[in-house]
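# Observations on chain architecture
This is what each chain is made of:
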Amino acid sequence: MTWLNGQDILCWLRATNEERLEDLFRLADATRRQYVGDKVHLRGLVEVSNHCVRRCAYCGVSAHRADLVRYRMTQDEILDCARKAVEYGTVVLQAGEDYGLTTEWVAELIRRIKRETGVVVTLSLGERPDEDLAAWKQAGADRYLLRFETSDPDLYEQIHPSLPGRPSDRFAILRTLKRLGYEVGSGVMVGIPGQTFESLVADIEVFRELQLDMIGVGPYIAHPATPLASCPPAPDGRQVPNTELMACKVLALTRLARPDANIPSTTALATLRHDSAVDLGLSRGANVVMPNLTPARYRCLYEIYPGKGACLQRQTQRQAQ
Ligand code: 5AD
C-alpha cells in the first residue's frame, strides 16, 4: 500500500464529503483486518491514583484542582483488579504523575502482579525519571503509555507547564522507554484549542517516524474547571474541531500510518457519542478496547474530562450484557 503524504493527510483532515470519507474509513478497516486481524484485544484499565504534581491545562485531575478529593489505591485493591484482568491478559496501571507512588512501591506492585496473576503489565504513570522507568522494567513491566499530545512545540509548552528545573520532553522519554526495552505507546488529543490542521498532519507523521507499538487518539473534551476550557481556538479556520468525525478521521489515518500498531477505540470518543462509539472506532481502524476495572468509588474521582466515569459505567454494562 502506498503511504499517504502530508498533503494527502491534510486533504482527508479537511474533507467534508461523507461518501469520500466512507472510502477512508473502509480503507482503514481493511488495513486493520489485513495487518492485525479481527481479534479485539482487551486491556483492563486500573486508575490507581488521581494525585498529580503537574498542571496540564486540559486535565481534570491536574494539581490546580485544589477542590478535588484525591485517592491512591492500596496494593491489595490493585491486585484485586489485576485478577479481574486475567481474562484479558493485560492490566494497564494509570495515574497522575504521583510521586507518592514511589519507585520501590511500584516495583513491588509489578512483581506481585506478575507473581500472582502473570498478566502483561502496562504502565501509564506520567513523565517519571529514567531511574524509575528502568527500575520498573527490571521489576517486570512490559509496556509504557505516554501520549505526546501534540507535536507542535509551542502548543505543547502552553498546555504542559514543566516542573521547576525539569523541562518536559516526552519525545526524550519515549526514546528512553524504547531503549529500556518497553513496548511503547503514545498518542494525541484531537481538537485541542490552538491545534491546527498542519500540526495534526505532523502528529500523524510522527506516529510513523517513532514506530510506535500502541497509539491512542481521542477527541479533546473541555473540562470546565481547567484553564484550557476558556482558551481561544486557532484563528482563520485553522482550528481542528474536537468532533467525533474528526477523531474518527485521525483514527483511520493513524491505522494507515501504522498498519500493525495496536490502536484503542478510546473512551474519549465513547464519551462524545455516548452509545455505540466503541464499535464505531473498531470499524474505523481500532483493534483494542480498554474496559475500566477501577472500583466505582475511585472511578468517579478520576474525571480527567467530564462524563468519563459515567460513560465508562455504561461501557461496562454493555460488556456485561
Ligand atoms: N479531553 C480528552 N482527553 C484528555 N486527556 C486528558 N485530559 C483530556 C481531556 N480534557 C487524555 C490525554 C492523556 C490521557 C490519559 O487522557 O491525552 O494522555
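For the structure, check the block above.
Before going into details, it helps to say that this report is about the structure given with it. (Residues numbered from 1 in each chain as written. Predicted model: local features only at pLDDT ≥ 70, side-chain atom pairs only at ≥ 80, totals over all residues. Heavy atoms only, no water.)

This paragraph deals with the layout of surface pockets. Empty space within the largest pocket amounts to approximately 150 Å³. Asp152, Asp154, Leu155, Gln158, Ile159, Pro193, Gly194, Leu228, Cys231 and Pro232 are the residues that line the largest pocket. (1 Å grid on protein atoms, 1.4 Å probe; cavity = no way out; pocket = protein on both sides within 12 Å on 5 of 7 lines; lining within 4 Å. Points joined across faces, edges and corners; volume = space filled by probe spheres on them.)

A few words now on the packing of aromatic side chains. Summed over all chains, the structure comprises four aromatic pairs. Ring geometry for tyrosine 71 against tyrosine 298: centres 4.6 Å apart, planes inclined by 20 degrees, an arrangement best described as stacked. A residue pair is termed long-range when its members are at least 10 positions apart, and tyrosine 71 in the loop between strand E2 (44–49) and helix H3 (75–84) and tyrosine 298 in helix H12 (residues 296–299) qualify at 227 residues. With respect to burial, tyrosine 71 and tyrosine 298 carry one shared label: buried. Centroid distance phenylalanine 148 to phenylalanine 171: 4.9 Å. Interplanar angle 40 degrees. Geometry classified as tilted. Placement of phenylalanine 148 in the loop between strand E5 (143–145) and helix H6 (153–159) and of phenylalanine 171 in helix H7 (residues 170–180) is noted, with a sequence separation of 23 residues between them. Take phenylalanine 171: its relative accessible area is 25%, and that puts it in the partly exposed class. (Phe/Tyr/Trp six-rings, centres within 6.5 Å; stacked < 30°, edge-to-face > 60°. Helix = DSSP H or I, 4+ residues; strand = E, 2+ residues; numbered from the N terminus. Buried < 20%, exposed > 50% of the residue type's maximum accessible area, 1.4 Å probe, protein only.)

Contact geometry of helix H8 (residues 197–209) with helix H9 (residues 244–257) gives a least axis separation of 9 Å together with a crossing angle of 35 degrees. With respect to the hand of their crossing, H8 and H9 are arranged in right-handed fashion. Contact residues: Phe197, Leu200, Ile204, Phe207 and Arg208 in H8; Met246, Val250, Leu253, Thr254 and Ala257 in H9. Across the contact of H8 with H9, the residue classes break down as eight nonpolar, one polar and one charged. (Axes fitted to C-alpha atoms, helices over the stretch in contact; angles between N-to-C directions. Left-handed = near helix turned anticlockwise from the far one by under 90°. Contact = heavy atoms within 4.5 Å. Nonpolar A, V, L, I, M, F, W, Y, C, P; charged D, E, K, R; others polar.)

Here the focus is the sheet that holds strand E6 (residues 183–190). The pairing of strands in a sheet comes from backbone hydrogen bonds and takes either a parallel or an antiparallel form. Strand order in the open sheet formed by six strands is E2-E3-E4-E5-E6-E7, with parallel pairing between adjacent strands. With one partner strand each, in any of the chains shown, E2 and strand E7 (214–219) form the two edges of the open sheet. Within the sheet, the average angular offset between the axes of one strand and its neighbour, ignoring direction, is 20 degrees. By the bridge criterion, five bridges tie E2 to strand E3 (residues 90–95) in an arrangement that is parallel. Note on E3: the bridge partner recorded for serine 49 is alanine 95. (Pairing = 2+ DSSP bridges.)

So, about the site of the ligand. By nearness alone, every residue bordering the ligand is listed as Tyr58, Gln94, Arg147, Glu149, Met189, Pro219, Tyr220, Ile221, Ile304 and Tyr305. Within the side chain of arginine 147, one N or O atom sits 2.8 Å away from an oxygen atom of the ligand. Within the backbone of isoleucine 221, an N or O atom sits 2.7 Å from a nitrogen atom of the ligand. When the free accessible area of the ligand is taken as 410 Å², the share hidden by the protein chains comes to 87%. Mapping the ligand onto the cavity grids shows that it belongs to the largest cavity. Residue classes in the shell around the ligand are distributed as seven nonpolar, one polar and two charged. (Near = heavy atom within 4 Å. Polar contact = N/O pair within 3.5 Å; in protein donor to acceptor, adjacent residues only side chain to side chain. Areas by Shrake-Rupley, 256 points an atom, 1.4 Å probe, with all protein chains shown as cover. Sits in = over half its atoms within 2 Å of the grid points.)

All right, on to the state of the cysteines then. Considering all chains together, one arrives at zero disulfides under this definition. No disulfide involves cysteine 59; its sulfur sits 6.3 Å from that of cysteine 56, the nearest cysteine. (Disulfide = S-S within 2.5 Å.)

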